[in-house]
There are 6 protein chains.
Amino acid sequence: MKPIDYEDSTPEVRALYDDLIKVRNNPWIHNFWRTIAHHPATLSRIWEAVKSVVIAPSAIDPLTKEMIFIAVSVQNNCRYGLASAHTFAKAKGMTDAQYGELLDLIALANETNRLAIGYEVELDRVFVEALGH
Amino acid sequence: MKPIDYEDSTPEVRALYDDLIKVRNNPWIHNFWRTIAHHPATLSRIWEAVKSVVIAPSAIDPLTKEMIFIAVSVQNNCRYGLASAHTFAKAKGMTDAQYGELLDLIALANETNRLAIGYEVELDRVFVEALGH
Amino acid sequence: MKPIDYEDSTPEVRALYDDLIKVRNNPWIHNFWRTIAHHPATLSRIWEAVKSVVIAPSAIDPLTKEMIFIAVSVQNNCRYGLASAHTFAKAKGMTDAQYGELLDLIALANETNRLAIGYEVELDRVFVEALGH
Amino acid sequence: MKPIDYEDSTPEVRALYDDLIKVRNNPWIHNFWRTIAHHPATLSRIWEAVKSVVIAPSAIDPLTKEMIFIAVSVQNNCRYGLASAHTFAKAKGMTDAQYGELLDLIALANETNRLAIGYEVELDRVFVEALGH
Amino acid sequence: MKPIDYEDSTPEVRALYDDLIKVRNNPWIHNFWRTIAHHPATLSRIWEAVKSVVIAPSAIDPLTKEMIFIAVSVQNNCRYGLASAHTFAKAKGMTDAQYGELLDLIALANETNRLAIGYEVELDRVFVEALGH
Amino acid sequence: MKPIDYEDSTPEVRALYDDLIKVRNNPWIHNFWRTIAHHPATLSRIWEAVKSVVIAPSAIDPLTKEMIFIAVSVQNNCRYGLASAHTFAKAKGMTDAQYGELLDLIALANETNRLAIGYEVELDRVFVEALGH
């Protein structure tokens, strides 16, 4: 769907746009936000989630968070998610070497996952004990 | 398939088991390795890959690597991959709070990915420029 | 692959095209049908399936059926499936508000699914009883 | 992970449990909630999302919503999500015939999706026009 | 759901069971058929599809067909599909070495796929020309 | 990412390009290799894997191997993987009829997988016995 521009937005959406601009300290509102604005309840819900899960200080550092988004986006084959998280990760200092290693890891994890599934590998007792299942 | 025990292994497989024990400094050979040993070429190939991608020092720290494995395993719904990476991440210092945050991030990334796919959000020009596509 | 036009079709395919036109009461044969026509057995099989599963009157109403197709297409990241089901759903009366809610639901279901997988949530006894497993 | 029982919960979690019990008018707190309670921020966020997306009156009827959850859960191969949505759908009146039709639709949508992907079917102009892309 | 036994089946289902027994020349009706029998239209439709796509002589040999089913089942993480196709492949002569190679290929294809997605590799002109897109 | 041309490559990458050209007896280096060359360790690792898993003589014939790659690529919705494996399969003799049958099989396997998952079909004892789990 076409993104909704700031000047075309309803007051409800515009208030959310204003908060986005303020919290991110960036006048550019990405297409993701301007497109999900077609359903204001989604825009409001996801923006609140991103503020608390991604933007707020936490026990996982900001660059690692972007790497997790990259990994999930590659798994879901989501081009938009990949491009946005890749851009944000670079802005947070990810080097090309790190990106290369990240894709290498993602690729290898898919390989070991498929082998574990195909061979129906049984859980080791040490895992069950470590995780307290 | 049933894992192949050390004492039942062929010389080719045993040599790989010995290297696994030595490099990981751990006499326990997890079921994953003992099961893919049914096809020694796979055991050899994947073990070499894990040594170079996961074990060797690199630009991504060891705990973050396990978190990437957790993210991919949750996406592939691979119980074995999840249990092993979760166990290894804990051994490398991941706290329960970090695991909670990690799952929260994975969950949220799936949500934003599905919205980007469902709304067919167009790539922002700033992403295209940042990534030099 | 390139779609096969009506005038270029073999008699076997043309008979199926004629049935498509008649049953759907629409002279336009979508690219999906004209492309899978490269393997006439597929065209025949899938067309019979669509007639009995989607077109025939049933216990699930026609709009809900399109919503299910949308949900599956978003999960499979199938652009064609999404565009066709979205178009058909609109033709059957789906409002923009309903589409917004549908994507919101799909997004949230992915989030709860990933949390259930990541936390390996145990089935509640009440579910086992209700489903008579 | 093991679910956290009401009597073992922290005040923060207990307040959310109380709201769950009250809003759903059901003293049983399913394992999903009691397990994600290990990360109270997740419990709070997801519970707010479920209240607004699933429980609040909306333009999609409650039974259809559960069917969407079933479809997504089958796609993600999430046993917990499937069992819970199946149970709730039955409680909201879904008949066995409807469940059979629902799985038939999901199965068929996967088939047509994979054909559209494998044949790389081009989008019809009528879809592009209908959706205003 | 619980499989429906022959003696408990309706005449409609029993006629399909009889055809299954006759065509496969095997008195054992697998759980898959006896479970989807809860929705007789699904049983009928899928059985017709299996007869024409899997059982009928064709340009792909029977063992390769089972290998394709194994590959798809590993991708979908479908335990039942994997166990049934693995069993049928063995009955059609697949050796343990072939199974090992098959899983190795599946694993590697996942790795190259994820790299192609993560690096957004552009299609080579030679592919576009060869496929006549 | 942009592919790295032969003349712009580092000595490390160039040595791998030379080996690719020699082993495949083809001066054209596909974009896949020239793009993953951004991380030379990935290029080296994957090229070694392809040599041993795909190119080396083995118990699965070369055309069947490409069909497996096609099946996995369709499942992962990987356009590059699909186009390359499709092209290579044609070069190895795959007919249009075989491609049509292959997609038909992939589509049907997805359908039976989703039904097995949705109905939670129990494993037959005959499978468990045949596979010696």
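Scroll up to find the structure this text is about.
These numbers were taken from a predicted model, which means no experiment stands behind them.

Thresholds, definitions, all that
Residues numbered from 1 in each chain as written. Chains lettered and ligands numbered in written order. Predicted model: local features only at pLDDT ≥ 70, side-chain atom pairs only at ≥ 80, totals over all residues. Heavy atoms only, no water. Helix = DSSP H or I, 4+ residues; strand = E, 2+ residues; numbered from the N terminus. Rg over C-alpha atoms; globule rule 2.2 N^0.38 Å. Buried < 20%, exposed > 50% of the residue type's maximum accessible area, 1.4 Å probe, protein only. Contact = heavy atoms within 4.5 Å. Areas by Shrake-Rupley, 256 points an atom, 1.4 Å probe, with all protein chains shown as cover. Lys, Arg positive; Asp, Glu negative; His and termini not counted. Charge placed at Lys NZ, Arg CZ, Asp CG, Glu CD. Least-squares fit on C-alpha atoms with pLDDT ≥ 70 in both. Axes fitted to C-alpha atoms, helices over the stretch in contact; angles between N-to-C directions. Parallel < 35°, antiparallel > 145°, perpendicular 65-115°, else oblique. Left-handed = near helix turned anticlockwise from the far one by under 90°. Nonpolar A, V, L, I, M, F, W, Y, C, P; charged D, E, K, R; others polar. Phe/Tyr/Trp six-rings, centres within 6.5 Å; stacked < 30°, edge-to-face > 60°. Buried area = accessible area lost by both parts, 1.4 Å probe. Salt bridge = Lys/Arg side-chain N within 4 Å of Asp/Glu carboxyl O. Polar contact = N/O pair within 3.5 Å; in protein donor to acceptor, adjacent residues only side chain to side chain. Expected span 1.5 Å × (residues − 1). 1 Å grid on protein atoms, 1.4 Å probe; cavity = no way out; pocket = protein on both sides within 12 Å on 5 of 7 lines; lining within 4 Å. Points joined across faces, edges and corners; volume = space filled by probe spheres on them.

**A look at the overall build of chain A**
Part 1 of the reasoning: Counting its regular elements, chain A contains seven helices and zero strands.
Part 2 of the reasoning: Along the chain direction, N to C, the helices and strands of chain A fall in the order α-α-α-α-α-α-α.
Part 3 of the reasoning: Here the C-alpha atoms of chain A give a radius of gyration of 19 Å, more than 25% beyond the 14 Å that 2.2 N^0.38 yields for 133 residues.
Part 4 of the reasoning: Along the first, second and third principal axes, the C-alpha atoms of chain A reach 60 × 35 × 30 Å.
Part 5 of the reasoning: When burial is assessed residue by residue, chain A has 59% of its 133 residues classed as buried.
Part 6 of the reasoning: In chain A, 49% of the contacts between residues at least 6 apart in sequence involve partners at least 24 apart.
Part 7 of the reasoning: Summed over its atoms, the accessible surface of chain A is roughly 5,100 Å², and 56% of this surface lies on carbon and sulfur atoms.
Part 8 of the reasoning: Across chain A, 13 positive and 17 negative side-chain charges occur, with their mean positions spaced 7 Å apart.

**Quick look at the relation of the copies chain B and chain A**
Part 1 of the reasoning: Placing chain B over chain A gives an RMSD of 0.0 Å and needs a rotation angle of 180 degrees, together with 0.0 Å of translation along the axis. What we have between these two chains is a two-fold relation.
Part 2 of the reasoning: A shared binding surface is used by both copies, with 100% of the interface residues of chain B retained as interface residues in chain A.

**Observations concerning the relation of the copies chain B and chain C**
Part 1 of the reasoning: At an RMSD of 0.0 Å, chain B and chain C line up after a rotation of 180 degrees and a shift of 0.0 Å along the axis.
Part 2 of the reasoning: A shared interface surface links the copies, since 100% of the contact residues of chain B are contact residues in chain C too.

**Concerning the packing of helix α1 (residues 11-24) of chain D against helix α3 (residues 40-55) of chain D**
All names here are of chain D.
Part 1 of the reasoning: Running from amino to carboxyl end, α1 crosses α3 at an angle of 20 degrees, the nearest separation of the two axes being 10 Å. Taken together, the axis directions place α1 and α3 in an arrangement best described as roughly parallel. Considering how the two elements wind past one another, α1 and α3 form a crossing that is left-handed. Between α1 and α3, the residues in contact are Glu12, Val13, Leu16, Tyr17, Asp19, Leu20, Val23 and Arg24 and Pro40, Leu43, Ser44, Trp47, Lys51 and Ile55, respectively.
Part 2 of the reasoning: Residue classes in the contact of α1 with α3 are distributed as nine nonpolar, one polar and four charged.

**Observations regarding the packing of aromatic side chains**
Ring pairs (aromatic) are described by centroid distance and by the angle formed between their planes.
Part 1 of the reasoning: Under the criterion given, the structure shown has 42 aromatic pairs over all chains.
Part 2 of the reasoning: On the basis of an interplanar angle of 25 degrees and a centroid distance of 6.2 Å, the ring pair of Tyr6 of chain C and Tyr17 of chain C is categorised as stacked. One end of the pair, Tyr6 of chain C, is in the segment before α1 (11-24); the other, Tyr17 of chain C, is in helix α1, and eleven residues separate them in sequence.
Part 3 of the reasoning: Residue classification places Tyr6 of chain C among the partly exposed residues on the basis of a relative accessible area of 29%.
Part 4 of the reasoning: Joined through ring pairs, the aromatic side chains of Phe32, Trp33, Trp47, Tyr80 and Phe88 of chain A together with Phe127 of chain B make up one cluster.

**Let's talk about the interface of chain B and chain A**
Part 1 of the reasoning: Each partner contributes to the interface: chain B provides 67 residues, whereas chain A provides 67 residues.
Part 2 of the reasoning: Summed over both partners, the interface of chain B with chain A buries about 6,400 Å², with 70% contributed by carbon and sulfur atoms.
Part 3 of the reasoning: For the chain B face of the interface with chain A, the top three residues by lost area are Leu105, Tyr119 and Phe127 of chain B, together amounting to 11%.
Part 4 of the reasoning: Connecting chain B to chain A are four salt bridges.
Part 5 of the reasoning: For Glu111 of chain A, the salt bridge goes to Arg45 of chain B, with nearest N and O atoms at 2.7 Å.
Part 6 of the reasoning: Our enumeration of links across chain B and chain A arrives at 32 residue pairs in polar contact (both at pLDDT 80 or more).

**A few points about helix α6 (residues 96-118) of chain F**
Helical periodicity: at 3.6 residues per turn, an α-helix aligns residues three or four positions apart in one direction.
All names here are of chain F.
Part 1 of the reasoning: Over its 23 residues, α6 runs 33 Å from end to end, which matches the ideal 33 Å to within 8%, given 1.5 Å per residue.
Part 2 of the reasoning: With respect to burial, α6 is a largely interior element, 21 of its 23 residues being buried.
Part 3 of the reasoning: Note on α6: the residue one or two positions beyond its end, Glu120, has a positive phi of about 45 degrees.

**Brief notes about empty space enclosed by the protein**
Part 1 of the reasoning: Going through the model one piece at a time under the given rule, you end up with seven cavities of 30 Å³ or more.
Part 2 of the reasoning: Reported here for the largest cavity is a volume of approximately 480 Å³.
Part 3 of the reasoning: Sorting the residues of the lining of the largest cavity by element identifies α4 (62-76) of chain A, α4 (62-76) of chain B, α4 (62-76) of chain C, α4 (62-76) of chain D, α4 (62-76) of chain E together with α4 (62-76) of chain F as the ones contributing at least two each.
Part 4 of the reasoning: Here the residues of the lining of the largest cavity are counted per class, giving no nonpolar, 18 polar and six charged.

**Some thoughts on the interface of chain B and chain C**
Part 1 of the reasoning: Counting from both sides, the interface comprises 18 residues of chain B and, opposite them, 18 residues of chain C.
Part 2 of the reasoning: Summed over both partners, the interface of chain B with chain C comes to about 1,800 Å²; 57% of that surface belongs to carbon and sulfur atoms.
Part 3 of the reasoning: Inspection of the region where chain B meets chain C yields two salt bridges.
Part 4 of the reasoning: In this structure, Glu120 of chain C engages Arg79 of chain B in a salt bridge whose closest nitrogen and oxygen atoms are separated by 2.7 Å.

**Some details on the side chain of Thr87 of chain C**
Part 1 of the reasoning: Mapped onto the elements of the fold, Thr87 of chain C is located in helix α5 (residues 79-91).
Part 2 of the reasoning: Other than its neighbours up to four places away in sequence, Thr87 of chain C contacts Phe127, Ala130 and Leu131 of chain D.

**Notes on the pattern of salt bridges**
Part 1 of the reasoning: Summed over the entire model, instances satisfying the criterion amount to 48 salt bridges over all chains.
Part 2 of the reasoning: Taking the shortest distance from any N to any O, the salt bridge between Lys51 of chain D and Asp19 of chain D comes out at 2.6 Å. Of this pair, Lys51 of chain D sits in helix α3 while Asp19 of chain D sits in helix α1; the two residues are 32 residues apart in sequence, bridging distant segments of the chain.
Part 3 of the reasoning: Each of Asp19, Glu48 and Lys51 of chain A takes part in one network of salt bridges that share partners.

**Thoughts on the environment of Asn77 of chain A**
Part 1 of the reasoning: Tracing the sequence through the fold places Asn77 of chain A in the loop between α4 and α5 (79-91).
Part 2 of the reasoning: With a relative accessible area of 19%, Asn77 of chain A lands in the buried category.
Part 3 of the reasoning: As a C-alpha pair, Asn77 of chain A and Lys65 of chain A span twelve residues in sequence and 18 Å in three-dimensional space.
Part 4 of the reasoning: Beyond its immediate chain neighbours, meaning those up to four positions away, Asn77 of chain A contacts Asn77 of chain C, Ile117 of chain E together with Asn76, Asn77 and Cys78 of chain F.
Part 5 of the reasoning: Separated by 2.7 Å, the side chain of Asn77 of chain A and the backbone oxygen of Asn77 of chain F make a polar contact.

**Here's the deal with the side chain of Arg114 of chain B**
Part 1 of the reasoning: Of note, Arg114 of chain B is situated in helix α6 (residues 96-118).
Part 2 of the reasoning: Buried charge Arg114 of chain B goes without a salt bridge, the closest partner of opposite sign being Glu111 of chain B at 11 Å.
Part 3 of the reasoning: Of note is the side chain of Arg114 of chain B, whose polar atom sits 3.2 Å from the side chain of Asn76 of chain A.
Part 4 of the reasoning: Within the local environment of Arg114 of chain B, its side chain forms a polar contact with the backbone oxygen of Val74 of chain C, the two atoms lying 2.9 Å apart.
Part 5 of the reasoning: For Arg114 of chain B, the contacting residues outside a window of four places in its chain are Asn76 of chain A together with Val74, Gln75, Ala107 and Asn110 of chain C.

**Section: the environment of Gly81 of chain D**
Part 1 of the reasoning: Summarising the element assignment, Gly81 of chain D is placed in helix α5 (residues 79-91).
Part 2 of the reasoning: The contact partners of Gly81 of chain D, leaving out residues within four places of it in the chain, are Asn113 of chain C together with Ser73 of chain D.

**Topic: unusual backbone geometry**
Negative phi is the rule for most residues except glycine; trans is the rule for most peptide bonds.
Part 1 of the reasoning: Unlike most non-glycine residues, Asn25 of chain A shows phi in positive territory, near 50 degrees.
Part 2 of the reasoning: Its place among the elements puts Asn25 of chain A in the loop between α1 (11-24) and α2 (31-36).
Part 3 of the reasoning: By relative accessible area, which is 70% here, Asn25 of chain A ends up exposed.
Part 4 of the reasoning: The backbone of Asn77 of chain E shows a phi angle near 55 degrees, a positive value even though the residue is not glycine.

**Regarding the environment of Trp28 of chain F**
Part 1 of the reasoning: With respect to the helices, strands and loops of the structure, Trp28 of chain F is situated in the loop between α1 (11-24) and α2 (31-36).
Part 2 of the reasoning: Residues Trp28 of chain F and Tyr17 of chain F lie eleven residues apart in sequence; the distance between their C-alpha atoms is 9.8 Å.
Part 3 of the reasoning: Not counting chain neighbours up to four residues away, the residues in contact with Trp28 of chain F comprise Asp124 and Val126 of chain E.
Part 4 of the reasoning: Among the polar contacts made by the side chain of Trp28 of chain F, one reaches the side chain of Asp124 of chain E at a distance of 3.2 Å.

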